[in-house]
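Structural description and commentary
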Amino acid sequence: MNMTDSAGMGDDAAMQAKIKSKLDDGRTCMKERVYTTALTLLMKAASMCPCSPASHGKDKSCNILQCAAAVKDADPDALYHVARGPCSCGFQWPSCTRPLHIQAVDTLAECLERARHYLAAFSTALGLVRLDPASAVGYCRVAKILRYLLRCHQNQDLTVDRSLAVIIRDAGLASANELRGLITLFIKSGLHNTQKYRHSPDDKYHIILRKMAHNLNMAESLRDPIQKLPAELLGIIFSYLDTADLCRCTRVNKLWKQVVLSDKMLWRHIRMRRPKNPGRYFANFLKSHTEARSLVIDDMCDFSLTETKLRSIALFLPRLERLCLSSSKSFLDMRFPTKPLGTPGINLKMLTQLSLISIPEHNFQTVRQLIHLTHASLEVLDIKPITHDIEEAFMLDPMPKLKRLRIIGNSTNSNTRIIEMQAIANGSPNLEHLHLDGLYIVWSPHLDWNQRKRWPALRSLYLGERMDGQSTWVHIDGGTGQRVGPIPLNSSMQSIEILYANDRFIEDILFVPQAERSSPQVFIINEMSPPSEWIDYPNLEVFRCRTSIRPSLLQRVIGSAAKNGTLRVLEVTATSNGVLAFPHCVGDIRDPADELAFAASEHVHTLGMYQFNWAAADNHYSVFNGQPFLDLLNLFPNAETIAAYPGKHANTAPFLMKLIAHPQTKAVYQENLEGVEWDEACKLAKKNGVQLYHQPKFRPGGWPLVE
Ligand SMILES: [Zn+2]
Ligand SMILES: [Zn+2]
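Rules and cut-offs
Residues numbered from 1 in each chain as written. Chains lettered and ligands numbered in written order. Predicted model: local features only at pLDDT ≥ 70, side-chain atom pairs only at ≥ 80, totals over all residues. Heavy atoms only, no water. Helix = DSSP H or I, 4+ residues; strand = E, 2+ residues; numbered from the N terminus. Buried < 20%, exposed > 50% of the residue type's maximum accessible area, 1.4 Å probe, protein only. Polar contact = N/O pair within 3.5 Å; in protein donor to acceptor, adjacent residues only side chain to side chain. Contact = heavy atoms within 4.5 Å. Donors = N, O, S within 2.8 Å, 3.2 Å for Na, K, Ca; no water. Tetrahedral: all angles 85-135°; square planar, octahedral: opposite > 155°, others 65-115°. Salt bridge = Lys/Arg side-chain N within 4 Å of Asp/Glu carboxyl O.

Looking at an unreviewed UniProt entry, one finds the protein chain named F-box domain-containing protein, with Bombardia bombarda as its source organism.

Following the sequence through the fold, Arg546 ends up in the loop between strand E14 (542-545) and helix H22 (551-564). Its relative accessible area of 17% is what places Arg546 among the buried residues. A polar contact of 2.7 Å, which involves the side chain of Arg546, links it to the backbone oxygen of Leu499. Residues contacting Arg546, with those up to four places away along its chain left out, are Glu465, Ile498, Leu499, Ala501, Thr573, Tyr610, Lys697 and Phe698.

What follows deals with the coordination of the zinc ion (ligand 2). Distances from the zinc ion (ligand 2) to its protein donors, His56 (NE2), Cys62 (SG), Cys87 (SG) and Cys89 (SG), fall within 2.0 to 2.3 Å. If you list the donors of the zinc ion (ligand 2) from N- to C-terminus, the spacing comes out as H-x5-C-x24-C-x1-C. Of this pair, Cys62 sits in helix H3 (residues 61-72) while Cys89 sits in the loop between helix H4 (78-84) and helix H5 (99-114); the two residues are 27 residues apart in sequence, bridging distant segments of the chain. Given the relative accessible area of 14%, Cys62 is considered buried.

Around the zinc ion (ligand 1), the donor atoms from the protein are Cys49 (SG), Cys51 (SG), Cys96 (SG) and His101 (ND1), and they sit 1.9 to 2.3 Å away. In this structure, the zinc ion (ligand 1) is coordinated by four donor atoms arranged in tetrahedral fashion, with angles at the metal of 101 to 117°. Mapped onto the sequence, the residues coordinating the zinc ion (ligand 1) show the spacing C-x1-C-x44-C-x4-H. Judged on exposure class, the residue Cys96 and its partner His101 are both buried.

What follows concerns the pattern of salt bridges. When the charged atoms of two side chains with opposite charge come close together, those side chains can pair. Inspection of the entire model under this criterion finds 18 salt bridges. Glu392 is the salt-bridge partner of Arg368, the closest N and O atoms lying 2.9 Å from each other. Here the residue Arg368 occupies a position in helix H18 (residues 364-374), and Glu392 occupies one in helix H19 (residues 390-396), the gap between them amounting to 24 residues. With a closest N to O distance of 3.1 Å, Lys666 and Glu640 form a salt bridge. Taken as a pair, Lys666 in the loop between helix H25 (653-661) and strand E18 (667-670) and Glu640 in the loop between helix H24 (627-632) and strand E17 (641-645) lie far apart in primary sequence, 26 residues in all. One network of salt bridges, in which partners are shared, links Asp106, Glu110, Arg114 and Arg141.

Laid out in structure tokens, this is it:
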């Protein structure tokens, strides 16, 4: 460390100001090319430093010779030691880390170069290195001067050639062609000293020096972060990489491999998406990552997931808690696993989440085997699309710990699967969250209705829009009509999302008391003829429904939750979609601000409305009026996220623009804006800081498949 390091702290501020003013004057003169005056001023500025620097004599050879010999030395610290010691002529070079002193000498060297005193400039630059060998400034100046001379050499410039001749002689070079090598040596030495002896943070000269090294293709310009950064920081950086990138990192060199593999935290969540990565070494790979808690394979086909590999997962990852397998194509070689993938209670016994996304239907054996292995510990089960015989899996391998279940069927109505709910319910008695989409759901015709509370812990229900095709009746077992979708709700429900628009469906779920569901009769439900029991939902936080419910009945569903402030998300439908097979619970909202006054709440943050047009009694598409919805916002002063889906009407854009410009709004979901209107709405949204989404049919819901 430098002796004068601490002296800088006590510098007289007045003296610093004086040096600064001399330095500035010198720079001004230099700019005006009055070099003689500039040099005098700059020398004065340098000599005013409190370190009281002495001046080397006019002969520069001893300095050049000694420094050039040092950079050519095999010892990387040679130049540093030379800088710390006396000149070969005996002169004691000044040593100082004060920025103003360094600036003054650097400007002096620059000025000497401009005044074409190249030798003196070079010697002064070397003096700058001696002043503080840990500063990058000197090396930059040395390299700059040498580079200039190299460029101007053979330009018939006598001054340049004469200076060069001396440098070549003193540096012990054979010719000017070797000058480039000398520049490289100085930069190399500079990179070494500025790193090894650093006492202050990197400045712009460090960057310049590294850039010079880079331009010269020097190996030293490549800095290996793994050698510089502490393990904690590397861990954070590597945690942003996915498994494929981490695998790539292990192939950089031994050190990288050691660092990346030794950080076990990095391998707790393994996600693989690259084809066949890590290839045929999969079993070995798994064996060295037995601490993995979660494994996600984004594309089983590209990954070539085989029965053998699946068995390796079960065998070598004993701590696995989450397994997500997805596929984009229909290909797998494990149509019928020939032998068990593992032993229940031994392999994958800690697995709590199983997500099987887009597994081809013919691989149902794989699904069955995975459920068989993990059914006792499973808490989350995701299946999309539903595979063959899922009911049997629930019957044979009950899941007592299952809390979340998502089953998504085929998106095409032509072969929508009928799913028998009784088996599912029996196999998941403690279910809390149920998410169904793209299915017909039925309860077996001979079910026991006395056993009402099939899911006593159920808290949230999501029914997607593809819950059935055309019919609200499902004919099974010889054509007896069964009610389509009774899902036993209970008074602890926190979230009800019914995004399949169907009058019968909503009636079955919300208004037909369970005791009455055993009969295929038609129930008349209205205020005059209420069902034998009403279920109240005081804990309801989310209510979304794409069927229009008569406001007086809607009050039965959401009234208490709105009143006690639990309700957060409210999305309702204003008019029936026209299928009025059982219109008893269905009714239009004609004056929302009045009819929904019972729901007024300052706790609702998301408000939505579907199928509305208050322009005409017949809801005709050619004219549109959405104003009553805007008026409704007054009842929900903190609703920021708005879902506005009036349906296809003419000229809905002005209404949506008003909504975007509304002071309350922070996010808008809609499906109407197109073309120029969309562009204008985007501009307005940007101006008002509103997130605008184009989301067909309805605002999405549920929980993410694989995050
Ligand atoms: Zn000084
Ligand atoms: Zn000397």
